[in-house]
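In case you want the letters, here they are:
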Amino acid sequence: MDLLALADFNLVARHGGFGKAARASGRPKATLSRRVSELESALDLRLLERGARTLKLTEEGRALYERTGYLLAEIDEAAAKIASGGDKPRGRLRISAPLLFSQTAMGKLAAAFALKFPEVRVEVTTEDRSVDMIEEGYDLVIRVNPDPDETLVGRILMRDRLVVVAGPAMRRPKGDVVVPTVVRGASDLSLEWDVTSRGRNSPIKTDPVLRLSSLIMVRDAVRAGVGAARLPVSLVSRDLAAGNLVRWGDVDGPQIALWALYPSRRLLSARVSAFLDFLKEAFPSGTPEELAAFMD
């Protein structure tokens with residue numbers, strides 16, 4: 001296979017068209033079109049569907065792009081390392097992180113990393129959805145309890161757990177009394193929480209009086225005394241210690257695991273490796289108390 005033709009195909013696929021790829025690379029549009037056609041002929045496959053104004057990857061083209069894009073990037077990076085005489089982290093580092101972690105920790109982390117590695121340009125996007133790393137061009141994603149993905153590998157940064165908390169003036173009711181609660185989003189439809197307190201499971205019947213889009217908003221509403229909520233220990237430990245909130249018990253269910261994920265490949269870029277090591281230094285034990293201490 002012609003690696004130069006493969007590189008041209010990846011360039012076109014990444015930019016979504018011959019014209020955009022030509023402008024980005026300074027290469028003639030006709031040359032790129034010819035090289036991709038030669039690659040298609042050599043593979044006896046149609047890789048691109050060419051419309052009047054649009055260009056779309058075929059199923060085979062998408063598979064080829066996803067399997068070879070990072071390999072070509074590794075080749076370029078290895079050559080750059082050799083040329084520069086070292087493996088010092090440099091270049092752009094694109095990260096996708098969930099909302100709560102971004103709001104509470106990512107700003108400080110990104111700033112400290114940028115000061116330590118001034119030749120790396122960090123870009124952080126905040127979103128809770130499962131992004132396509134290859135399609136959307138991310139180097140690293142941070143996710144809570146991610147679904148298994150055979151194309152990615154990763155490591156757990158920390159573990160957290162949910163607790164039920166309320167304002168100090170709000171007493172936990174006994175029996176079947178319904179409790180006003182604050183929940184995140186419209187998708188939380190549960191009307192009973194399984195809660196363990198002092199080794200005993202005692203369900204709480206709930207009436208969601210507020211639905212808010214972020215856990216920080218939920219915490220602030222609970223501080224104001226409007227109702228109880230299920231929140232991570234890392235987010236409320238300081239309020240519990242200060243008496244601003246009281247803990248009613250632990251939520252039954254799996255722990256929260258925060259993962260750092262990256263493409264399954266042998267050669268990690270120096271900037272991704274450096275950021276992973278940086279996260280490990282920031283949270284050496286991976287406990288919710290470490291994240292709480294990191295917040296201001």
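To keep things clear, this report deals only with the structure shown in the data block. Please read these numbers as outputs of a predicted model, since none were measured by experiment.

## Observations regarding the environment of Ile142
Then step 1. Mapped onto the elements of the fold, Ile142 is located in strand E5 (residues 140-144).
Then step 2. Under the relative-accessibility criterion, Ile142 is labelled buried at 0%.
Then step 3. Residues Ile142 and Trp259, spaced 117 residues apart in sequence, show a C-alpha to C-alpha distance of 5.5 Å.
Then step 4. In contact with Ile142, not counting residues within four places along its chain, are Ile95, Ser96, Ala97, Pro98, Phe101, Met106, Leu157, Leu258, Trp259 and Leu279.

## Examining the packing of helix H5 (residues 99-116) against helix H9 (residues 270-282)
Then step 1. It is at 11 Å that the axes of H5 and H9 come closest, and there the two elements cross at 125°. Taken together, H5 and H9 sit at an angle that is classed as oblique. The interaxial crossing formed by H5 with H9 has right-handed handedness. In contact with Met106, Leu109, Ala112, Phe113 and Lys116 of H5, H9 contributes Arg271, Ala274, Phe275, Phe278, Leu279, Glu281 and Ala282.

## What to know about the pattern of salt bridges
Then step 1. One pass over the full model with this rule turns up 17 salt bridges.
Then step 2. Between Glu38 and Arg35 there is a salt bridge, and its shortest N-O distance comes to 3.6 Å. Within this pair, Glu38 and its partner Arg35 are both found in helix H3 (residues 29-43), separated by 3 residues, close to a single helical turn.
Then step 3. Lys116 serves as the salt-bridge partner of Glu281, at 3.5 Å between the closest nitrogen and oxygen. Within this pair, whereas Glu281 is found in helix H9, its partner Lys116 is found in helix H5, the two being separated by 165 residues in sequence.
Then step 4. On the basis of relative accessible area, Lys116 is assigned to the partly exposed category, the value being 44%.

## Some points on the sheet that holds strand E6 (residues 152-160)
Then step 1. The strand order across the open sheet formed by 5 strands is E4-E3-E5-E15-E6, and the pairing between neighbours is mixed. Edge positions in the sheet fall to strand E4 (120-126) and E6, since each of these pairs with one other strand and no more. The sheet shows a mean angle of 20° between the axes of neighbouring strands, taken without regard to direction.
Then step 2. Here H5 sits on the sheet in contact with strand E3 (91-97), E4, E5 and strand E15 (256-263), set at roughly 175° to E4.
Then step 3. Docked against the sheet, H9 engages E3, E4, E5, E6 and E15, running at close to 50° with respect to E3.

## Regarding helix H2 (residues 18-25)
Then step 1. For H2, the full list of buried residues reads Phe18, Gly19, Ala21 and Ala22. Projection of H2 onto a plane perpendicular to its axis shows the buried side chains occupying an angular sector of 165°, all on one side. Away from its buried face, by an angle of more than 90 degrees, H2 presents the exposed residues Arg23 and Ala24.
Then step 2. Elements in contact with the buried residues of H2: helix H1 (3-15), H3, strand E1 (48-50) and strand E2 (55-57).
Then step 3. Immediately beyond the C-terminal end of H2, within one or two residues, lies Gly26, with a positive phi of roughly 75°.

## As for unusual backbone geometry
Then step 1. If you check the backbone angles, Asp44 has positive phi at about 60° while not being a glycine.
Then step 2. Among the secondary structure elements, Asp44 is positioned in the loop between H3 and E1.
Then step 3. Relative accessible area serves as the criterion here: at 69%, Asp44 is assigned to the exposed category.
Then step 4. Despite not being glycine, Asn145 shows a phi value in the positive range, around 45°.
Then step 5. On the secondary structure map, Asn145 appears in the loop between E5 and E6.
Then step 6. Judged by relative accessible area, which is 38%, Asn145 ranks as partly exposed.

## With respect to the sheet that holds strand E8 (residues 179-184)
Paired through their backbone hydrogen bonds, the strands of a sheet run either parallel or antiparallel.
Then step 1. Ordered by their spatial adjacency, 3 strands build an open sheet running E8-E12-E9, and the pairing between neighbours is mixed. Two strands lie at the open edges of the sheet, namely E8 and strand E9 (192-193), each paired on one side alone.
Then step 2. Where E9 lies against strand E12 (residues 204-212), 2 bridges are found, and the strand directions are antiparallel. Among the inter-strand pairings, Trp193 is bridged to a residue of E12, identified as Ile204.

Reading guide: rules and limits
- Residue numbering note: each chain is counted from 1, following its sequence as written.
- Local features in this predicted model are restricted to residues whose pLDDT is 70 or higher, and side-chain atom pairs enter the listing and the counts only when it is 80 or higher, whereas totals over whole chains, interfaces and linings include all residues.
- Side-chain numbers here rest on the full set of heavy atoms in the structure, without hydrogens or water.
- Helix and strand definitions follow DSSP, with helices as H or I runs of at least four residues and strands as E runs of at least two, each counted in order from the N terminus.
- A 1.4 Å probe rolled over the protein chains alone gives each residue an accessible area, and that area as a share of the maximum for its type sets the label: buried under 20%, exposed over 50%, partly exposed in between.
- Contacts are assigned to residue pairs that have any heavy atoms within 4.5 Å of one another.
- Axis angles are defined between N-to-C directions and span 0 to 180 degrees, where every axis is a line fitted to C-alpha atoms and, for a helix, only to the segment in contact.
- Every angle not falling under 35 degrees, over 145, or within 65 to 115 is termed oblique; those three ranges are roughly parallel, roughly antiparallel and roughly perpendicular.
- Put simply, a crossing is left-handed when the front helix is turned counterclockwise from the back one by less than a right angle, and right-handed when it is turned clockwise.
- One speaks of a salt bridge when a side-chain nitrogen belonging to Lys or Arg is within 4 Å of a carboxyl oxygen belonging to Asp or Glu.
- Pairing between strands requires that DSSP locate at least two bridges from one strand to the other.
- Picture the helix axis, draw a direction to every C-beta atom, and the arc is the one those directions span.

By themselves, these observations are geometric and do not establish any function.
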